[in-house]
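Remarks on the overall topology
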Amino acid sequence: AMMNIAMLAGVGNDVQMAFYGLSSVTYYILGAILFFIPTALVAAELATTWSRRGGIFRWVGEAIGPGTAFFLVFTLWFFNALNFGGAPASGAATIMFFTDRYDFAIQFANDPGKYIGASGEFWIMIGWLAFYWLLIILSTKGIRFFSKMASWGVTIGTIIPLGLMIIGIIFYVALGHRIYISFQPVNLVPQWQGMSTLALAASVFFSYAGIDMNAAYIKQLKNPRVDFPKAMIIAMFGSLFIFMVGTLIIAMIVPEGQINVLYTLFAVFRELGATIGIPWLYMVITWTLICNTISLTVTNFAGPSFMLGQAARAGFLPKSLQSYNKHGMPSKLMYVQCAFMTIFAYMVELLPNVEGFVIMLDQAVTVLYLSYYIIFFTAYLRLKYTQPNRPRAFVIPGGRAGGWITCIVGYICC
């Protein structure tokens, strides 16, 4: 459950939705109903029925063919490396929030090169990438090890900061500070602005993507039939709570026109900290958010590589990448992914005018990722017909009709 929450939710992800105030709650709930639940139901039935290792590679391989399964797993692996490749650059820009020099941290975030030059940014990037490499090395120690890291990371890096936000906003409101959103029920209804509204809904739905990834580890559960669906339910409500509460608190404190994706979260904690007499609270939270980065990294790097390792053993990759270490992890594949992430990180940081290229590449891979889910739902329906008599520990309510309705909703979202 905590690994799933680590995949999806964190208070740092709430900033961009704060632009939409109370209507963000509606988007989050619709995303949970229309995308999370169909994906979780299908993943629960597939994972508990085909409980051997492999996850999506095994399901799609049996339903459609191993070539298609390899394409999906490799897409996920590539998408993951691409996403993490862009992270060190933003990490370098916000490095000064780890100190108590808040005003300087804002100036530094807006233009790091002005203060430390290109060479300084280069060395900060090396530091962040070394941190990621350390986490990948720890991830190769096996699921029992990194699942504990994920649990502690979510607790320290997400639950504690969110708890402090809740305590702070209670004092903030009680002391009569101005809040910048209205809680009238009419504001729950999103304003229709054509395709831009659909694009926003798509981005919210996509924030729930990845919930099926941890199904690769179902073999590790003591009672998959009960434990896996239970973990999905906990992850859904936990993520929904983190998304909604964090977003609303940010929207209450920061006016819409002043929201900055890079450092608004730090501004919120500084404001809340000042309310309760601890203006340097933002710095403490900055350090705790490192724990969230740890949980996110170890979970995201392990899952796709674990599934790609199954594809490697089926002959889709060279023998040198087919081996597992003594902890049952495809360590070589994980190192290759981290090497690709490192190269891409320096492409983002060092090449001139690379932003448009990165956006285009990210959008292209996102489309591929959505094709991943279309094939995911298709594989489920095909297995319903090609292997109808296989014992299923968990079944989507409603039999075949329920399965079709679930998948059609998933198709429409994609």
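Residues numbered from 1 in each chain as written. Predicted model: local features only at pLDDT ≥ 70, side-chain atom pairs only at ≥ 80, totals over all residues. Heavy atoms only, no water.

Focus on the packing of aromatic side chains
Test applied: Pairing of aromatic side chains here covers Phe, Tyr and the six-membered ring of Trp, requires ring centres within 6.5 Å, and sorts the geometry by plane angle: under 30 degrees stacked, over 60 edge-to-face, intermediate tilted. Only DSSP runs of H or I reaching four residues or more are called helices, and only runs of E reaching two or more are called strands; each is numbered from the N terminus. Accessibility here uses a 1.4 Å probe with only protein chains present; expressed as a share of the type maximum, an area under 20% marks a residue as buried, one over 50% as exposed, and anything in between as partly exposed. Criterion for a charge above a ring: Arg CZ or Lys NZ at most 6 Å from the ring centre, at most 35 degrees from the ring normal.
This structure, assessed with the given rule, holds 21 aromatic pairs. Measuring from ring centre to ring centre gives 6.2 Å for Trp 59 and Phe 376, while their planes differ by 45 degrees; the resulting arrangement is tilted. One end of the pair, Trp 59, is in helix α3 (residues 56-63); the other, Phe 376, is in helix α14 (residues 355-386), with 317 residues separating them in the sequence. Residue classification places Trp 59 among the buried residues on the basis of a relative accessible area of 1%. Of the residues examined, Phe 376 reaches a relative accessible area of 0% and is grouped as buried. Residues Phe 70 and Phe 74 carry aromatic rings whose centres are separated by 6.0 Å and whose planes lie at 25 degrees to one another, so their mutual orientation is stacked. Placement of both Phe 70 and Phe 74 in helix α4 (residues 66-85) is noted, with a separation of 4 residues, approximately one turn of the helix. Taking the relative accessible area as the measure of exposure, Phe 74 reaches 34% and is therefore partly exposed. Among the aromatic residues, ring-to-ring pairing joins Phe 35, Trp 59, Tyr 372, Tyr 373, Phe 376, Phe 377 and Tyr 411 into one connected group. The ring of Phe 104 is capped by Arg 101, whose NZ or CZ atom sits 4.4 Å from the centre of that ring.

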